[in-house]
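Take a look at the letters that make up each chain.
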Amino acid sequence: MIDLHCHLLPGIDDGPPTVEAAVALARAAERAGTRTMVATPHVSWRYQNESTDRAALIERLQGSLQAAGVELEVRAGAEVAATRVAEIEPDAIARLTLGDGPWLLLEPPFTPMATGFDAIAYELMRQGHQIVIAHPERCAGLQREPEMLAGLVRSGALTSITAGSLVGRFGEPVRRFAMRLLEEGLVHNVASDAHDESQRPPGMAAEIERAGLGALREWLTELVPGAILSGDPIPARPDVPVGGHGRRGLLTRLRRS
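Described in the following lines is the structure provided in the data block. Remember, predicted model here, so these are calculated numbers, not experimental data. (Residues numbered from 1 in each chain as written. Predicted model: local features only at pLDDT ≥ 70, side-chain atom pairs only at ≥ 80, totals over all residues. Heavy atoms only, no water.)

### Topic: the overall build of the chain
And then number 1: A tally of helices and strands in the chain yields 10 helices and nine strands.
And then number 2: In terms of overall size, the chain behaves like a compact globule, its C-alpha atoms giving a radius of gyration of 17 Å where 257 residues would be expected to give roughly 18 Å.
And then number 3: Reported as C-alpha extents along the three principal axes, the dimensions of the chain are approximately 55 × 40 × 35 Å.
And then number 4: Here the chain, with 257 residues, has 56% of them falling under the buried criterion.
And then number 5: Looking at the chain alone, contacts between residues at least 24 apart form 75% of all its contacts between residues at least 6 apart.
And then number 6: Accessible area of the chain: about 10,900 Å², with a carbon and sulfur share of 48%.
And then number 7: Placing the 26 positive and 33 negative side-chain charges of the chain at their respective mean positions leaves the two points 7 Å apart. (Helix = DSSP H or I, 4+ residues; strand = E, 2+ residues; numbered from the N terminus. Rg over C-alpha atoms; globule rule 2.2 N^0.38 Å. Buried < 20%, exposed > 50% of the residue type's maximum accessible area, 1.4 Å probe, protein only. Contact = heavy atoms within 4.5 Å. Areas by Shrake-Rupley, 256 points an atom, 1.4 Å probe, with all protein chains shown as cover. Lys, Arg positive; Asp, Glu negative; His and termini not counted. Charge placed at Lys NZ, Arg CZ, Asp CG, Glu CD.)

### A closer look at the packing of helix H1 (residues 19–31) against helix H2 (residues 54–67)
And then number 1: As a packed pair, H1 and H2 sit with axes 10 Å apart at the nearest point and diverge in direction by 65°. Handedness of the crossing formed by H1 with H2: right-handed. Residues Val 19, Ala 22, Val 23 and Ala 26 of H1 lie in contact with H2, whose contacting residues are Leu 61, Ser 64 and Leu 65.
And then number 2: Of the residues in the contact of H1 with H2, the class split is six nonpolar, one polar and no charged. (Axes fitted to C-alpha atoms, helices over the stretch in contact; angles between N-to-C directions. Left-handed = near helix turned anticlockwise from the far one by under 90°. Nonpolar A, V, L, I, M, F, W, Y, C, P; charged D, E, K, R; others polar.)

### With respect to helix H6 (residues 146–154)
And then number 1: Burial within H6 is extensive, with seven of its nine residues counted as buried.
And then number 2: Of the residues making up H6, those classed as buried are Pro 146, Met 148, Leu 149, Ala 150, Gly 151, Leu 152 and Val 153.
And then number 3: Of the residues one or two after H6, Gly 156 is the one with positive phi, at around 115°.

### A word on helix H7 (residues 172–183)
And then number 1: Here H7 spans 16 Å end to end across 12 residues, near enough to the 16 Å set by a 1.5 Å rise per residue.
And then number 2: Check the buried side of H7 and you find it contacts helix H5 (140–144), H6 and strand S8 (158–162).
And then number 3: Of the residues trailing H7, Gly 185 is marked for its positive phi of about 75°. (Expected span 1.5 Å × (residues − 1).)

What follows is the structure, encoded as structure tokens:
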């Protein structure tokens, strides 16, 4: 599996504070079946990592993993807060993509309203970036305005939900909204958003299976993230019903309008 969103690089955000903790996180991911992790440190007002030499950090961490016998590939990425985008130089944003490809992981605000988030995303797409929206199911504003998310997907954005959301780790309302988004064809990837080996762990497959989504696991954790990293076309979702309803609802209505 490919974990498209995790906080693995030590000491630069709210992920592991030390190399040893990062190695422990990576080892837990390997045990859970992950073969590639995209290190996506926060780029936000609190963690201004847009100028951080992520390549050097990844090279050092990859050496530590090899020395520890952890067979895991680490790729570069970032989780760019929408509230920070306007303050980052365009050249810097272009260096924050997932695996140095065309896709940018964009974090919506954790606020009751998502006002302006779609304008930021559309402007990035106008500039030529392709957008993956991070954990939309955990954004209260998008829960209030799911049509905004559906419109962005219709315009070419993808979404990546957190595996823990599928099993209630962030509360029952988040779990229900995540499943609703899956039913309506508004989810393209499941990632761990791991921060450590136990409290915010790197599992994906177990959570997907517990949510009854085993038939979509390969698409959600291998095929789509593989295409995102390579820049290849996103493969069509298998025609598998979710929650007994299949793909319908907001996205279908918008496509027909």
